[in-house]
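Results of the structural survey
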Amino acid sequence: MEFFLKTKLYFKNYLKGFKNYFRNFKIFNHGHGFKTILKLYFRVYQCFFKNSIMAESQYRLSFFLLIWFNFGWALVYIFLYVFIFKFVDQVGDWNYQRSLVLAATFLLVRALNSFLFKQNFQNFADLVYRGDLDFILIKPISSQFMVSLKKFYLRPFVRFIFAWLVLITVLVQNQIKLNIILVISYLLLLLISVIIVYSLWFISCCLVFWLGNIDNIHEVFQPVLRLTALPFDILPGVLKELFFLVIPLVFITTMPAKSLLGLLSWAACVYGFFISLVLFYLSAKVWHLALKYYVSAA
Amino acid sequence: MGKYLAFFKISLKKSLAYRLRLLVWFLWEIGPALIMLFFWLAVFANQDQVGNYNFYSLVIYYLVIIFARNLVLTHPDIALQKEIYNGEINIYLPRPADLITIKFVYEIAYKFLKFLYLIPTLIICYLVFLSGRHFDYQFLWPNLTFFLFSCSLSFCLYFLIKFLIGILSFWLTEIEWLDSLEMLIFWFFGGLLLPLDLFPKSMQNIAGFLPFKYIFYLPAQGLLGRLNQQQMLTSLLIQGFWLLLFFILVKKIYQRGLKIYSVFGG
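Residues numbered from 1 in each chain as written. Chains lettered and ligands numbered in written order. Predicted model: local features only at pLDDT ≥ 70, side-chain atom pairs only at ≥ 80, totals over all residues. Heavy atoms only, no water.

1. Things to note about the overall build of chain A
Rule in force here: Here a helix means four or more residues in a row that DSSP labels H or I, a strand means two or more in a row labelled E, and each is numbered from the N terminus. Only protein chains enter the area calculation, which uses a 1.4 Å probe; residues under 20% of their type maximum are buried, those over 50% are exposed, and those in between are partly exposed. We call two residues in contact whenever any of their non-hydrogen atoms come within 4.5 Å of each other. Method for areas: the Shrake-Rupley scheme with a 1.4 Å probe, in which residue coverage is limited to the protein chains shown. For the purpose of counting charges, residues Lys and Arg are taken to be positive, whereas Asp and Glu are taken to be negative. His and the chain ends are not included. Note on charges: their place is set at NZ of Lys, CZ of Arg, CG of Asp or CD of Glu.
Helix and strand counts for chain A stand at 15 helices and zero strands. Viewed in the frame of its principal axes, chain A has a C-alpha envelope of about 60 × 60 × 40 Å. The buried share of chain A, reckoned over its 298 residues, is 47%. Taking the intrachain contacts of chain A between residues at least 6 apart in sequence as the baseline, contacts between residues at least 24 apart amount to 78%. Taken as a whole, chain A presents about 16,100 Å² of accessible surface, with 69% of it coming from carbon and sulfur. Computed over 28 positive and 11 negative side-chain charges, the inter-centroid distance for chain A is 13 Å.

See the structure below:
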């Protein structure tokens, strides 16, 4: 009972804190309103995008080739399912067509996440270890925003288009019926998936504050992300529950694919939305905690 | 011999200093094979056979992949590119052994530590996927000998392929695309995700003309007892041919590269 009352009080104070923050938004943001701040961030984000294009155009031939090799990796995943289903009829509830929807969704999710975060997280360990984080912390902008979104990785561009083409082809060829609600729920779940991937990936990168010089810390999350190429329903019992409730990997690929196929309940969607917010909040908390352990290099 | 032992010790100490970094790469290497194992576990709930494979032969195949990916695959190319680009390669040039040998000894020491991570992983995989189930795998010493010998050749061969990509930095500033191309071809034709005999015939034919089939796929087939003595010998000979070819290529290109290499400042 005491625990319950304490938790209630904690949340009450927390909500009050939120309310006060929004009430005093202008004071906290040097007299700017919410809209102005949003516009400012958008303009900064636009600059980041322009800079990324300029950086990639430094080695144009290499960039051009890497776009196509990146597309080649997409082919690996699609061919994998094509070859396997020559020998297999069904894996759990997943037949050939459904598996291709899953594979295309996986490619979409990976392309989106690589596009938005990969380059930033690749530099994460260096920022902390070399002390370059100082230059970000002194800027009048959210440090988490700048650390996470400063650079775009433009190479998955063709892969992204290819994934949509595969998805549309499978849906049309197999006459899978769609309606506007399924499409919207698919897009929303893709968004949820991006938030979950970002949060988990970001939290895993933050470990560098405690573990020291691990320049490949951003790769810790890669095997986990690759695991999402599997339909999670086929995993043994305990793992299935674990990846649904505790580490919600199931929402990264399986749930969006299921939603498009009309196999998903609304309760699961709501839970996905809720858990993505919790993880995003947690990522911000971990970042603030990690900054307390940042010692710089000078 | 003493100087090589010294290089070995240096690399071992370096690997020990960055053991968590090594663990991350280790997880990265075992990830895809583990994912496929869970996938096949679900597939074999409904059927007993996939192509020529039953569940146990596929599990052994992927355990071999986990073993070989960690002990055979080397990546000297990225470090070489940086060293050539920044002029750090100078450090190696006055040393009493050539760069190829030094990097080779470094890689052996690196694998030594990875082996320590590998043992518990293989035991856990065995307990999860094979223990308590009856399977008709017959363990034979000639197969194991072939496997170990072939894996040793694979290690040298793959090292030379990667080294070749690395030293192309003498001419190219950016080699990431070459590395990516090599990995892509390897994943398609090396049997990393699926055993090659589950691929269409046309792709198997293409794989026959490339060295990648001999790095993982054929050693694994040998261990599974799917190759007769004649096939084992042929496989080793072809592997030896690729090894010799890449060795000559690396030697020639490295010598030419050194001639055009220049660095400024102290």
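2. Observations regarding the pattern of salt bridges
Residue and element names in this part refer to chain B. This is how the line gets drawn: Salt bridge, as used here, is a side-chain nitrogen of Lys or Arg placed within 4 Å of a carboxyl oxygen of Asp or Glu.
Under the counting rule described, the total for this entry stands at 12 salt bridges over all chains. A salt bridge links Lys162 to Asp179, with the shortest nitrogen-to-oxygen separation between them at 2.5 Å. Of this pair, Lys162 sits in helix α6 (residues 141–167) while Asp179 sits in helix α7 (residues 176–189); the two residues are 17 residues apart in sequence, bridging distant segments of the chain. With respect to burial, Lys162 and Asp179 carry one shared label: buried.

3. Describing the packing of helix α5 (residues 96–122) of chain A against helix α9 (residues 157–173) of chain A
All names here are of chain A. What counts, and what does not: Fitted lines through C-alpha atoms give the axes, limited to the stretch in contact for helices. The angle between two N-to-C directions lies from 0 to 180 degrees. To sort the angles, those under 35 degrees are grouped as roughly parallel, those over 145 as roughly antiparallel, those from 65 to 115 as roughly perpendicular, and the leftovers as oblique. Crossing handedness is defined as follows: a turn of the near helix away from the far one that is anticlockwise and smaller than a right angle gives a left-handed crossing, while the clockwise case is right-handed. Polarity classes work like this: nonpolar for Ala, Val, Leu, Ile, Met, Phe, Trp, Tyr, Cys and Pro, charged for Asp, Glu, Lys and Arg, and polar for all others, with Gly in that last group.
For the pair α5 and α9, interaxial distance at closest approach is 9 Å and the crossing angle is 160°. Judged by the angle between their axes, α5 and α9 are roughly antiparallel. Classified by chirality, the crossing of α9 by α5 is left-handed. Packed against α5, whose contacting residues are Gln97, Leu100, Val101, Ala104, Thr105, Leu107, Leu108, Arg110, Ala111 and Leu112, the element α9 presents Arg159, Phe160, Phe162, Ala163, Trp164, Val166, Leu167, Val170 and Leu171 at the interface. Of the residues in the contact of α5 with α9, the class split is 15 nonpolar, two polar and two charged.

4. Quick notes on the domain arrangement of chain A
Residue and element names in this part refer to chain A. This is how it is decided: Boundaries between domains were set according to an automatic or database domain assignment. Once two parts are joined, some of their accessible surface, as seen by a 1.4 Å probe, is lost; buried area is that loss totalled over both. Nitrogen and oxygen atoms within 3.5 Å of one another constitute a polar contact, given that in protein one can donate a hydrogen and the other can accept it, and given that sequence-neighbouring residues count only through two side-chain atoms.
When the domains of chain A are assigned, the result is domain 1 (19–55) and domain 2 (59–291). Contacts between the two partners involve seven residues from domain 1, matched on the other side by 11 residues from domain 2. Buried area between domain 1 and domain 2, summed over both chains or domains, comes out near 910 Å², and the portion from carbon and sulfur atoms is 77%. Looking at the side of domain 1 facing domain 2, the largest losses of area belong to Tyr41, Tyr45 and Phe48, adding up to 62% of the total buried there. Taken together, the connections running from domain 1 to domain 2 amount to zero salt bridges. At the junction of domain 1 and domain 2, the tally comes to two residue pairs in polar contact (both at pLDDT 80 or more). A per-class count over the side of domain 1 that touches domain 2 returns six nonpolar, one polar and no charged.

5. What about the packing of aromatic side chains?
Applicable threshold: For Phe, Tyr and Trp, rings pair up if their centres lie within 6.5 Å, where Trp contributes its six-membered ring, and each pair is then called stacked (planes under 30 degrees apart), edge-to-face (over 60) or tilted (otherwise). We count a charge as sitting over a ring when the NZ of a lysine or the CZ of an arginine lies within 6 Å of the ring centre and within 35 degrees of the ring normal.
Counting across every chain of the model gives 66 aromatic pairs over all chains. In this structure an aromatic cluster arises from ring pairing among A:Phe117, A:Phe121, A:Phe124, A:Tyr198, A:Trp201, A:Phe202, A:Phe209, A:Phe221, A:Phe280, A:Trp287 and A:Tyr294. A:Arg226 extends its terminal NZ or CZ atom over the ring of B:Trp28, reaching a point 4.8 Å from the ring centre. Above the face of the B:Tyr53 ring, B:Arg226 is positioned so that its terminal group lies 4.2 Å from the ring centre.

6. Describing the interface of chain B and chain A
Counting residues at the interface gives 38 residues for chain B and 38 residues for chain A. The junction of chain B with chain A conceals about 3,500 Å² of combined surface from both sides, 76% of it contributed by carbon and sulfur atoms. Broken down residue by residue, the surface that chain B buries against chain A is led by B:Trp28, B:Ile35 and B:Phe39, which jointly contribute 17%. The tally of links between chain B and chain A comes to two salt bridges. The closest approach of N and O atoms between A:Arg155 and B:Glu176, which form a salt bridge, is 3.0 Å. Taken together, chain B and chain A are joined by six residue pairs in polar contact (both at pLDDT 80 or more). For the side of chain B that touches chain A, the secondary structure elements donating two or more residues are α2 (19–43) and α7 of chain B. By residue number, the principal contributor to the side of chain B that touches chain A is α2(B), which donates 16 residues. Residues of the side of chain B that touches chain A, tallied by class, amount to 29 nonpolar, six polar and three charged.

7. Things to note about the side chain of A:Arg226
As for its placement among the helices and strands, A:Arg226 is situated in helix α12 (residues 221–227). One buried charged residue, A:Arg226, remains without a salt bridge, the closest side chain of opposite sign being A:Glu219 at 6.6 Å.

8. Description of a positive patch on the surface
To keep it simple, the criterion reads: A patch consists of residues whose relative accessible area exceeds 30% and which take part in no salt bridge; residues with like charges are grouped when within 9 Å of each other, and nonpolar side chains (Val, Leu, Ile, Met, Phe, Trp, Tyr) when within 5 Å.
The grouping of A:Lys8, A:Lys12, A:Lys16 and A:Lys19 at the surface amounts to a positive patch. Topologically, A:Lys8 is positioned in helix α1 (residues 2–23).

9. Things to note about the packing of helix α5 (residues 99–130) of chain B against α6(B)
All names here are of chain B. The geometry of α5 relative to α6 is characterised by a closest axis approach of 11 Å and an angle of 125° between their N-to-C directions. By the angle class used here, α5 and α6 are oblique. Between α5 and α6 lies a crossing whose hand is right-handed. Within the contact between the two elements, α5 uses Leu99, Ile100, Lys103, Phe104, Glu107, Ile108 and Lys111 and α6 uses Phe155, Cys156, Phe159 and Phe163. Here the contact of α5 with α6 is composed, by residue class, of eight nonpolar, no polar and three charged.

10. Concerning the state of the cysteines
Put simply, the rule is: A pair of cysteine sulfur atoms is labelled a disulfide when the two atoms are within 2.5 Å.
This structure, assessed with the given rule, holds zero disulfides over all chains. No disulfide involves A:Cys205; its nearest neighbouring cysteine sulfur is the one of A:Cys206, lying 7.2 Å away. When its relative accessible area of 0% is taken as the criterion, A:Cys205 is described as buried. A disulfide-free cysteine, B:Cys156 has its sulfur positioned 11 Å from the sulfur of B:Cys151, the nearest such atom. For B:Cys156, a relative accessible area of 23% corresponds to the partly exposed category.

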